[in-house]
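Geometric and topological summary
Single-letter residue listing:
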Amino acid sequence: MDILRFITAGSVDDGKSTLIGRLLYDSKSILIDQLRSIEKASNKANGEIDLALLTDGLRAEREQGITIDVAYKYFSTPRRKFIIADAPGHIQYTRNMVTGASNSDLIIILIDARHGVVEQTRRHSIIASLLDVAHVVVAVNKMDLVSYDETVFNTIVNDYKEVAASLGLNEVTYIPIAAITGDNITEHSTKLDWYNGEPLLAFLEQVNIKRSAENNKARLYVQYVIRPQAPGYHDYRGYAGRITGGSLHVGDHVISLPSGISTTISAIESGGNAIDEAYAGQSITIQLADDIDISRGDVIVKKSDLQPIVSQDLEALLCWMDTRPLLPGNRYLLQLNSLTVPAIVKHIGYKVDVNTIDKTHNPATAELNDIVSVTLKTASPVPYDKYTVLHTGGGAILIDETSYATVAAAILQ
Amino acid sequence: MSNKRIDHLDLLESEAIYILREVAGQFEKQALLFSGGKDSIVLVHLALKAFRPGKFPFPLVHIDTGHNFQEALDYRDELVAAIGEKLIVRKVEDTIVAKNLTEPRGKFASRNALQTYTLLDTINEFGFDACIGGARRDEEKARAKERVFSIRDEFGQWNPKLQRPELWNNYNGKIHKGENVRVFPISNWTELDVWNYIKREGIKLPSIYFSHERDVIEYDQQLVALSPFIRLDKEDVVFKCKVRYRTVGDMTCTAAIASEAFSIDDIIEEIISSNTSERGETRIDDKVSEAAMEDRKKNGYF
């Protein structure tokens with residue numbers, strides 16, 4: 001069993017909350033006490049429950065009509081554990097969606113069958129493309145309101161194919177559903193017998209996600225150096241971190257960046273046990289053959305693998321997340337995994353219109369929810385990867401040095 | 001990550017270890033809040049994996065309400081002796097005396113809310129800038145909205161509107177003096193993940209998680225253990241019942257469930273077939289109002 005992380009995109013009226021509620025309900029992830037509390041709130045004459053209420057938020061949100069960036073929901077089937085990033089819409093939409101999509105393998109884009117591809121659909125797709133989300137599921141919802149008509153579905157599929165082609169979204173799956181009645185969610189719907197593909201949940205259970213991280217990009221961002229003050233361990237130095245790509249083996253030739261010093265791996269430990277090899281995603285501790293100066297934020301890279309870029313001049317796409325605008329020339333902290341370094345935003349190249357993907361060149365500032373291309377100058381050399389090459393080597397954040405708020409997502413180019 | 005050699009428990013474990021090491025790397029004075037419950041026991045196990053053969057970069061801290069299950073206290077002391085790490089205990093009782101606080105009254109007079117005072121005092125006393133806890137997002141809807149690194153102000157307050165977005169593997173733990181961060185490494189685990197992990201790793205638990213006979217009363221469809229900390233009324237009927245605890249909190253606010261689950265496998269079976277959530281079934285304190293947890297968190301609660 002593995003984990004699939006996905007995000008759902010859709011406006012309030014597309015039935016996003018109903019779909020999430022339906023997935024939780026049909027996978028029996030909703031329990032009686034939770035059901036009772038929404039039954040009370042549903043207040044429906046026919047005794048039906050309002051599945052959308054399952055994703056209902058905090059009292060603070062209800063009272064003030066606001067939504068908090070991302071809520072996470074969990075459900076499992078015998079085949080997979082699922083983590084849903086539920087990014088509510090409204091004003092902060094771009095920021096919320098970027099946050100949720102940063103850790104998602106798949107995005108479900110909901111389209112109301114009555115309305116087809118709309119501006120929102122385009123915006124969601126542009127963000128999915130910028131964040132390089134591996135797989136897109138276009139769920140054409142509310143098929144019950146268009147008499148389960150195949151031609152309605154086909155028209156939407158053809159319209160979306162143009163959007164996908166223009167954005168370079170290659171892995172796209174189209175599924176007609178009716179979340180409110182459960183058609184095509186866990187089981188084939190007889191009302192949609194013209195549809196030959198799998199129901200949504202079955203698809204999510206078996207979709208094979210191709211991840212950029214899987215091959216020949218072994219990096220270990222050192223988080224912490226373990227130096228036991230105990231007899232028998234005087235010479236022990238364990239470099240603790242999580243492998244971001246590929247695999248590491250005992251005996252591998254490695255380079256420490258940014259210093260560039262070479263050595264070999266003399267031991268790998270996982271949870272206190274010595275192991276011969278370790279893979280992307282694993283938290284491990286390694287020991288090196290030579291006593292070299294390595295500390296938190298340094299990156300250990302396999303010599304035979306594709307090497308990261310090491311530079312003080314970085315190009316990045318920023319999604320601005322702060323209410324105070326970005327001003328060129330300001331200093332921030334760039335955080336990339338365990339590495340934190342001061343950085344100056346030298347120049348804003350262009351701003352991306354998330355509704356049309358058109359570019360406006362040389363904008364003076366970037367406001368909340370803007371996506372801009374910038375040039376960064378860092379105080380010291382940063383080992384990194386282009387985001388499209390390795391998400392975990394190129395997905396960073398900017399932190400305001402005075403408020404300490406996370407002010408931007410930085411997609412390194 | 002879909003590496004066939006690594007399953008979902010490995011991924012959850014690696015993520016939690018990554019978070020624990022980020023805490024070790026980013027903060028000066030950390031603490032692991034230890035309650036004796038299964039989630040904090042799992043945290044200790046994860047910390048062993050994250051930092052051995054070195055010592056933990058933090059002590060274990062127990063905020064002791066004085067209403068504990070003896071089995072949980074015994075377990076705590078045995079565990080601390082076995083792993084050779086430091087334990088700090090601060091008692092709610094002492095805070096009540098020192099600060100002239102009012103003891104809660106009623107049938108199940110819980111010191112759960114008063115714990116917050118002792119916790120905040122302890123944070124001040126030691127200057128902790130990060131406190132690690134075992135809360136999970138599947139427990140409760142206020143928790144579902146809280147970040148892994150949750151920034152608290154000088155009053156320990158959670159501000160749900162000012163949370164930092166968490167992108168990729170970047171956890172921003174930068175804080176101003178007086179603020180602290182609550183860190184939840186097993187945010188993405190569900191109750192079932194915790195039990196499957198306990199089984200896989202062979203983690204020992206306090207005996208009260210398993211079926212045992214106990215004197216109980218029934219109150220509001222929940223079974224509450226007889227203890228000096230609850231008030232018996234005339235209409236209460238004390239009877240013996242085979243029970244176990246699905247969560248371990250204070251004796252005053254944790255209900256038992258009738259159960260014949262004697263092994264971890266039995267427990268996993270029981271949870272899979274259960275139709276009630278963990279907190280819904282066993283916590284007397286969450287029912288007070290629909291937003292009970294949200295309110296407590298805003299006031300500095302874990």
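Residues numbered from 1 in each chain as written. Chains lettered and ligands numbered in written order. Predicted model: local features only at pLDDT ≥ 70, side-chain atom pairs only at ≥ 80, totals over all residues.

**Quick word on the domain arrangement of chain B**
Buried accessible area, meaning the area lost when the parts come together, often serves as the stated size of an interface. Residue and element names in this part refer to chain B. Heads up, the rule is: What marks off one domain from the next here is an automatic or database domain assignment. By definition, residue pairs are in contact when their C-beta atoms, positioned from the backbone, come within 7 Å. Put simply, DSSP H or I for four residues or longer makes a helix, DSSP E for two residues or longer makes a strand, and each gets a number counted from the N terminus. Any residue that is not Ala, Val, Leu, Ile, Met, Phe, Trp, Tyr, Cys, Pro, Asp, Glu, Lys or Arg is counted as polar, Gly included; the first ten are nonpolar and the last four charged.
The domains assigned to chain B are domain 1 (8-193 + 291-298) and domain 2 (205-287). For domain 1 versus domain 2, the distance between C-alpha centres works out to 23 Å. Contacts between domain 1 and domain 2 engage 23 residues on the former and 22 residues on the latter. Counting residues per element, the ones that place at least two in the side of domain 1 that touches domain 2 are α2 (38-51), α3 (70-83), α7 (191-201) and α10 (292-298). With three residues, α3 is the single largest residue contributor to the side of domain 1 that touches domain 2. Per-class residue counts for the side of domain 1 that touches domain 2 are nine nonpolar, seven polar and seven charged.

**Focus on the pairing of strand β9 (residues 238-242) of chain A**
All names here are of chain A. Here is the rule we go by: Exposed residues have 12 or fewer other C-beta atoms within 10 Å of their own C-beta, buried residues have 20 or more, and residues in between are partly exposed; the C-beta atoms are placed from the backbone. Here a strand pair is declared whenever DSSP counts at least two bridges between the two strands.
Along β9, five of the five residues are buried, which leaves the element largely enclosed by surrounding structure. Every second residue of β9 is oriented toward a common face, with Gly238, Ala240 and Arg242 on one face and Tyr239 and Gly241 on the other, all of them buried. Examined bridge by bridge, strand β8 (residues 224-226) and β9 share three bridges and lie antiparallel to one another. Considered in β9, the bridge of Tyr224 is made with Ala240. The sheet contact formed by β9 and strand β15 (residues 283-288) spans four bridges and is antiparallel. Within β15, the residue paired with Gly241 across the bridge is Ile284.

**Some thoughts on the confidence of the model for chain B**
For clarity, the threshold we go by: Residue-level confidence of the predictor is what pLDDT reports, using numbers from 0 through 100.
Across chain B, the average pLDDT comes to 86, with 90% of residues at or above 70. In the predicted complex, the global pTM is 0.92; the interface-specific ipTM is 0.93.

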